[in-house]
Amino acid sequence: MVVSRDQRSIWRRMPVDRIDDVESASGAGRLTKSLGLWQLTAIGVGGIIGVGIFSLAGLVAHGDADNPGVGPAVLISFLVAGLASAAAALSYAEFAGMIPRAGSAYTYGYVAIGEIVGWFIGWDLLLEYIAIVAVVAIGISGYLDAFLAGFGLELPTAVTASPEEEGGVVNVPALLICLLVTFILSRGTRTFGRFELVAVAIKVVLILFIIGLGVFYVDTANYDPFLPNGFGPVLTGAATVFFAVFGYDAMSTAAEEAQDGRKHMPKAILLSLIIAMLLYVAATLVLTGLQSYEEIDPTAGFASAFTNVGLPVIASIISVFAVLSILTVMLTFLLGVTRVWFSMSRDGLLPTWFAGVDRHGTPQRVTWIAGIASALLAGVFPIRAVADLTNIGILSAFVVVCVAVIMFRRTRPDAERSFRLPFMPFVPAFGVLASLFLILQLHWETWVRFGVWLVIGLVLYFAYGRRHSLLNPDSPHHVRSATPDG
């Protein structure tokens, strides 16, 4: 087997020309190729648009106990986050067209930089994607409360809020929604792809309806002041809403299940980001124009805004469809965590038991483990703490992918690329700087939680992953395959 220069080095790289041969050595199952361009784009749009519009836009505009509201300037927060995300999206597009494999940033870092970097990003994404599913479930729970309130019903705070909130014990709706999404994804990629395409179409129609109707009720007086607390909170807000502009990276984990990954993945990544940003800009303008930012409900912004202008029925309709549309975000990121986990296990860095698939090519074991973990997280943590935790991890992944695309252009200029990002190396370099800048806007508690998770990962890598890696010639996987029964 051809591997890197030093087979025992933590910097050994997955050989891109032999990636199929290396992965087949694990004996893991195969994923099913069933996704076309528009299904991939729908998964990307489904992952990007959702809680960003329906929950985080209102949260950042209104503010909370630790963060002053940014008001109408939430629009700028989205644009700053989108600009940073675009640079990374181009880097992802180049890698996705070149290496249409499950794993996304984990695989790209492994191929271009080395095993230890691939491990850290993969380990990072396991936590971040599970946390994303959780934070979206919390957002859905807020809209469910708003929907029931429209009928005069109110669930007890004890079963709708986290323990950190006054009167809260466990967020039962968020927990149950996580389990529902896990069940949908466990039905297989083909079923999931069809559901996602229909649900995303409904979501886009809903957002266009909100924008089209809301324009007629905008009060321009609500845009004054545009920057109520200065520009500093806008940048902090950008770090929070960054959560809302990177669903395409989770979509890229499905590259191995695309019918023509080299051709369709780059297009799907760029299309999904463009569609999402256009809708975000229009939606945030309407939201902050319908209601003063100080009065926006941070958990169900549009529902409260339409109630404010005398349209409670519309608010109830929005709450119903918001739940459906946000489900697509959860599906996309739960897909992401299961495919990263599957890929790391197939490569030997985690036990290959996790890489088992059913007869439909679905990794059921990791699907249910990740789904239950996200349910527990959604039940006991507040939305902002989970959102910030996801952002530091994804921003770190973006830094690695942007650096990796620069390095791979130099080390493997001959590799076949179906898409080449423009203005190399300036675009990915900007992506690195922008991502690092946004990371620095996050609170120190987020850094501590992230650091603890990485230390745990480091211990696990040296205790298990390094020795069992398929790139290690002394790996137990090679020993088993060499035996007469293997």
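Anything mentioned here points back to the structure above.
Since we're looking at a predicted model, the values are computed, not measured.

Trainee: Could you clarify how one ought to interpret the overall build of the protein chain in this entry?
Mentor: Counting its regular elements, the protein chain contains 18 helices and 0 strands. By the burial criterion, 61% of the 486 residues in the protein chain qualify as buried. Of the roughly 17,800 Å² of accessible surface on the protein chain, a fraction of 67% belongs to carbon and sulfur atoms.

Trainee: Help me out: how do you make sense of the side chain of Asp124 in this one?
Mentor: Along the chain, Asp124 turns up in helix α6 (residues 115–149). Arg449 provides the closest opposite charge to the buried, salt-bridge-free Asp124, at an N-O distance of 13 Å. The contacts of Asp124, once residues within four sequence positions are left out, are Gly393, Ser396, Ala397, Phe450 and Trp453.

Trainee: I'm lost on the pattern of salt bridges in this one. Help?
Mentor: Tallied over the full model, the rule gives 7 salt bridges. Between Glu256 and Arg101 there is a salt bridge, and its shortest N-O distance comes to 3.7 Å. With Glu256 in the loop between α10 (247–251) and α11 (261–290) and Arg101 in the loop between α4 (74–98) and α5 (105–112), the pair connects residues that are 155 residues apart, well separated along the chain. Taken individually, Glu256 and Arg101 each receive the classification buried, so the pair is uniform in this respect. In this structure, Glu256 engages Arg346 in a salt bridge whose closest nitrogen and oxygen atoms are separated by 2.7 Å. Here Arg346 lies in helix α13 (residues 312–346) and Glu256 lies in the loop between α10 and α11, a separation of 90 residues in the sequence. Judged by its relative accessible area of 4%, Glu256 is buried. Connected through shared salt-bridge partners, Glu94, Arg409 and Arg417 make up one network.

Trainee: Help me out: how do you make sense of the packing of aromatic side chains in this one?
Mentor: Centre distance and the angle of the planes are the two values used to describe a pair of aromatic rings. A full pass over the atoms with the stated rule returns 15 aromatic pairs. Ring centres of Tyr92 and Tyr108 lie 6.0 Å apart, and the angle between their planes is 75°; on these two criteria the pair is classed as edge-to-face. Remark: Tyr108 occurs in helix α5 and Tyr92 occurs in helix α4; sequence separation between them is 16 residues. By relative accessible area, Tyr92 is classed as buried at 0%. Take Tyr108: its relative accessible area is 0%, and that puts it in the buried class. Through a chain of ring-to-ring contacts, the aromatic side chains of Tyr92, Phe95, Tyr108, Tyr248, Phe398 and Phe408 assemble into a single cluster.

Trainee: In this structure, what is going on with the side chain of Ser77? I would like to understand it.
Mentor: Tracing the backbone through its elements, the reader meets Ser77 in helix α4. Classification of Ser77 by relative accessible area gives buried; the value is 0%. Separated by 2.8 Å, the side chain of Ser77 and the backbone oxygen of Val234 make a polar contact. In contact with Ser77, other than residues within four places in its own chain, are Val60, Val70, Val234, Gly237, Ala238 and Val241.

Trainee: Would you explain the packing of α4 against α11 in this entry?
Mentor: Between two packed helices, what matters for the description is the angle formed by their axes and the separation of those axes. As a packed pair, α4 and α11 sit with axes 9 Å apart at the nearest point and diverge in direction by 175°. When the interaxial angle is binned, α4 and α11 end up roughly antiparallel. A per-class count over the contact of α4 with α11 returns 20 nonpolar, 6 polar and 1 charged.

Trainee: How do you make sense of the nonpolar core when you look at a structure like this?
Mentor: In a soluble, globular protein the nonpolar side chains are often hidden away together inside. Residues Tyr92, Phe95, Phe242, Tyr248 and Met330 are the most contacted members of the largest nonpolar core, which totals 150 residues. Per-element accounting of this core gives the leading share, 18 residues, to α6. Excluding its chain neighbours within four sequence positions, the residues that come into contact with Met330 are Val133, Val136, Ala137, Ile140, Ile177, Cys178 and Val181.

Rules behind the numbers
Residues numbered from 1 in each chain as written. Predicted model: local features only at pLDDT ≥ 70, side-chain atom pairs only at ≥ 80, totals over all residues. Heavy atoms only, no water. Helix = DSSP H or I, 4+ residues; strand = E, 2+ residues; numbered from the N terminus. Buried < 20%, exposed > 50% of the residue type's maximum accessible area, 1.4 Å probe, protein only. Areas by Shrake-Rupley, 256 points an atom, 1.4 Å probe, with all protein chains shown as cover. Lys, Arg positive; Asp, Glu negative; His and termini not counted. Salt bridge = Lys/Arg side-chain N within 4 Å of Asp/Glu carboxyl O. Contact = heavy atoms within 4.5 Å. Phe/Tyr/Trp six-rings, centres within 6.5 Å; stacked < 30°, edge-to-face > 60°. Polar contact = N/O pair within 3.5 Å; in protein donor to acceptor, adjacent residues only side chain to side chain. Axes fitted to C-alpha atoms, helices over the stretch in contact; angles between N-to-C directions. Parallel < 35°, antiparallel > 145°, perpendicular 65-115°, else oblique. Nonpolar A, V, L, I, M, F, W, Y, C, P; charged D, E, K, R; others polar. Core = buried A, V, L, I, M, F, W, Y, C linked by side-chain atoms within 4.5 Å.

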